[in-house]
Amino acid sequence: MPRLALEGLRIADLTQVFAGPYATKLLADMGAEVIKIESCVRCDRPHGPVAPGTGMFPDDKPGDEPYNRGAYYNELNRSKYAITLDLTHATGKEVFNKLVKVSDAVVENYSARVMKNFGLDYGTLRAIKPDLVMVSMPGYGMSGPYRDYVTYGTGTEAMALCSDLTGYADGAPLKPGIAYGDPTGGMFAAFALLAAIRYRNKTGRGQYVDLSLRESLIQMFGDAVMDYTMNGRVQRREGNRHPSMAPHGCYRCKGEDNWVAIAVSDDQEWQAFCRAMDKPGLAQDNRFTGASSRWRHGDDLDQLVDEWTRRHDNDEVMHILQEAGVPAAAVLNIRQILANPHFVSRGYFENVFHSATGTYPYPGVAWKLSKTAGSIHRPPPLFAEHNDFVLGEILGLSREERDALRREGVIGDEPL
Amino acid sequence: MHDQALTGMLVLDLSQGISGAFCTKLLADFGAEVIKVEPLSGEPTRRLGPCLEDHPGPERSGTFLFLNTNKKSLTLDIACQTGASIFKKLVKQADIVVESSSPGVMTSLGLGYEDLEAIKPDIIVTSISYFGQTGPYRDYKGSDMIALALGGLMHVTGLPEREPLKTGGSQAEMQAGLNAAVATLTALYCRDVSGIGQHVDIAVVECITSIMEATTMMHNYTGQIRTRNGARHHVAYPSTILPCKDGYVHVHGAVHEWERLAAFVDEPRLLDEELQKAPRVHADEIDALILPWLMQHNKQEIFAMAQLWRLPFAIVCRVDELLDDPQFSSRDFFAEIHHPVTGPIFYPGAPFKMSETPWQAGRAPLLGEHTTETLGGRLGYAEDDLVRLGELGVV
């Protein structure tokens, strides 16, 4: 039995920043051999220093090797191998082509024109490896008037309804607290890659995947699109309100920045909620009988709930309500999540030792496969860490050949 | 019809609600045969809003229609013994089962992973639940917002001085469906290569914690607890949403783009070294310098001009601006899908374009539309068997 689900799948990874590295992280944790190819001139790593207080480096100190210490890089690139290669150099392209020849897939998330400029577009690579699967994931796609437009995940949120539908009912559009378009696009890219590999395994035919971050992200708001195309309705921001549930909101608890989320879906839960608050009389109140009546009196309801939650800690409210059968959850911050007994019990965070930063808990794998559980099976790679392994053992270049590549500046051991 | 990437795969979808339906939509849209096994009254998503003309009905939910494209519908009461045994016959032919019942329910019906593995050793069973199949909160009740709260996204979404905010729509459910789809294909790869099936446990809360963008590492490194920043990115600045003459735009200027940004909005005071050194700290001042220029221009011209300057600005689009969007039109993104109750309606189209095995549009099934085909054609039940099963309330 394989130890990991994707053992034997080799991916040449040209992705940078967030969306692409997220896609290949998912596959790497599951056992794919992901070889990240970086440029010494423009590598996907921090050069430091950055503004203090951003948490980008251990103790905010870039150190002598900031490129090995970045928070984003290390979280997103664990379980991968890293090599350097100058793709603008003819010899660099040759080495890349050698790698493509022995890989199953290439993933890249440059702007649409970059791979073509390198002379490494799908048509060219397919001549080297006829059954190659290649996934490109620019913001707007590989065709159309916005093809060459620049964007990050945050920009695609604005373009794909995410910003327009996130916010308080009386306020401006906001963003989720993360660059939501990036991991979302990354997951679609991983799905596309695995689907294309399945087809190749069956038929021997490779293919090209053109993934627009915007077009993948808007799937997540399909119901709002349907409301418009079916009914002509332009949905607006609704804060924490739900279209039918009430109470449905985030309520203040005792202590600083301490909140609980409560979602009551039916009368049975509402009555249980009233008993749990020790206010059985409320269950008889006509304003709150039936979901639609509760919904209409949402403001009054929120005030009553708030008066009760304020007197308790959020963890206490969650347990009281869950014991009573009412959906509730403490609004956890990252420190609380790291210590939370449920996350601990499931072993979600994994402690990883990394030679340039030390041992820390990393967010683990979101899917538990019963027989081939994924894991962070190698620490984030140091810069150029696997030049010798990949070029030597996988591609069969001799020490002399590798030294010549170093002298020519095709590969390097430090960012320039 | 040409083969698609997942053609030849049979998926039995027992899931109820958004997450499981989104998982199997992705499989179905790329060629898998997905049979949705619905209770006789219909899967509950059929009653979720928004509904056609705001009148509920089993074939009128926009959420259902979107999430169930290209699937088949079989009505079957798997809680009764006859129904469960019919389901097991289907499992023998299936590659994948997707379910989203509360942990323990499938086992109590005699349809847990071990039961199904016994009849089909290489079956893949993907289970989606809010908190996962193990752990002290396993039996807690969840919802979309509950998962956003416990998973960490809610704490960092919203304004610093106000209550934490959920993300628009049902994002925790959708993320779980997306994760489940990728995890299912991962297990399928493993089965195709080595012949083993397995049980895939997806916890919605962990799907959320997994996308928290370096929040854990930043806490590891400096003990910092991230909190809410409104529309502002928590590290890079400017990266925010600001008003303009006729709406809102996303404004972005990375370190190497500062000079261009200053020239673009015609504001040399942005070049002040203090601002550049710690832009996140000076976010209010930066906003104030950019705003006057934005308020003199409308969003379309800001977007087009910024892109000429290679600045990654974007428009905060509303849904009524998308159908005519030149990029979407050029790529034929929206797909018109016919349905006997709604007539032709535009749906979001392919999430990505595959050169050899493209996404295909197909409508959601009517309730029980494929019951006869599945039980008669696939399992070989005679017509009077089906009548009898109908009378018994099994199908």
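Rules and cut-offs
- Residues numbered from 1 in each chain as written.
- Chains lettered and ligands numbered in written order.
- Predicted model: local features only at pLDDT ≥ 70, side-chain atom pairs only at ≥ 80, totals over all residues.
- Heavy atoms only, no water.
- Pairing = 2+ DSSP bridges.
- Helix = DSSP H or I, 4+ residues; strand = E, 2+ residues; numbered from the N terminus.
- Axes fitted to C-alpha atoms, helices over the stretch in contact; angles between N-to-C directions.
- Contact = heavy atoms within 4.5 Å.
- Core = buried A, V, L, I, M, F, W, Y, C linked by side-chain atoms within 4.5 Å.
- Buried < 20%, exposed > 50% of the residue type's maximum accessible area, 1.4 Å probe, protein only.
- Buried area = accessible area lost by both parts, 1.4 Å probe.
- Salt bridge = Lys/Arg side-chain N within 4 Å of Asp/Glu carboxyl O.
- Nonpolar A, V, L, I, M, F, W, Y, C, P; charged D, E, K, R; others polar.
- Parallel < 35°, antiparallel > 145°, perpendicular 65-115°, else oblique.
- Left-handed = near helix turned anticlockwise from the far one by under 90°.

### Quick look at the sheet that holds strand E5 (residues 124-129) of chain B
Pairing in this open sheet of seven strands is mixed, and the strands run E12(A)-E6(B)-E5(B)-E4(B)-E1(B)-E2(B)-E3(B) from one edge to the other. The outermost strands of the open sheet, each flanked by one partner alone, are strand E12 (367-369) of chain A together with strand E3 (71-75) of chain B. Averaged over neighbouring strand pairs, the angle between their axes works out to 20° when direction is ignored. The pairing of E12(A) with strand E6 (residues 199-203) of chain B spans three bridges and is antiparallel. When the bridges of E6(B) are listed, Leu369(A) appears paired with Val200(B). Of the strands in this sheet, strand E1 (10-13), strand E2 (33-38), E3, strand E4 (96-99) and E5 of chain B touch helix H1 (residues 18-29) of chain B, which is tilted by about 165° from E1(B).

### Comments concerning the nonpolar core
Membership of the largest hydrophobic core comes to 156 residues, with the highest contact counts inside it found for Phe191(A), Leu6(B) and Leu27(B). No other element matches helix H7 (residues 171-194) of chain B, which puts 13 residues into this core. Other than its neighbours up to four places away in sequence, Phe191(A) contacts Leu6(B), Leu26(B), Leu27(B), Phe30(B), Ala181(B), Val182(B), Leu185(B) and Phe352(B). By size, the runner-up hydrophobic cluster in this structure holds 30 residues, among which are Tyr110(A), Met115(A), Leu125(A) and Ile411(A).

### Description of the interface of chain B and chain A
On the chain A side, the residues contacting the 154 residues of chain B number 158 residues. A combined buried area of about 13,400 Å² lies between chain B and chain A, and 63% of that area is made up of carbon and sulfur atoms. Summed over the shared surface of chain B and chain A, the result is 12 salt bridges. Here Arg233(A) makes a salt bridge to Asp54(B), at a shortest N to O gap of 2.4 Å. The element contributing the most residues to the side of chain B that touches chain A is H7(B), with 16 residues. Residues that form the side of chain B that touches chain A fall into these classes: 78 nonpolar, 49 polar and 27 charged.

### Some words on the packing of H1(B) against H7(B)
Residues and elements named next belong to chain B. Interaxial distance between H1 and H7 falls to 7 Å at its minimum, and their mutual angle equals 45°. What the angle tells us is that H1 and H7 run oblique. The handedness of the crossing between H1 and H7 is right-handed. Where H1 abuts H7, its residues Ile18, Ser19, Phe22, Cys23, Leu26 and Leu27 lie against Glu173, Met174, Ala176, Gly177, Leu178, Ala180, Ala181, Thr184 and Leu185. Its residues assigned to classes, the contact of H1 with H7 shows 11 nonpolar, three polar and one charged.

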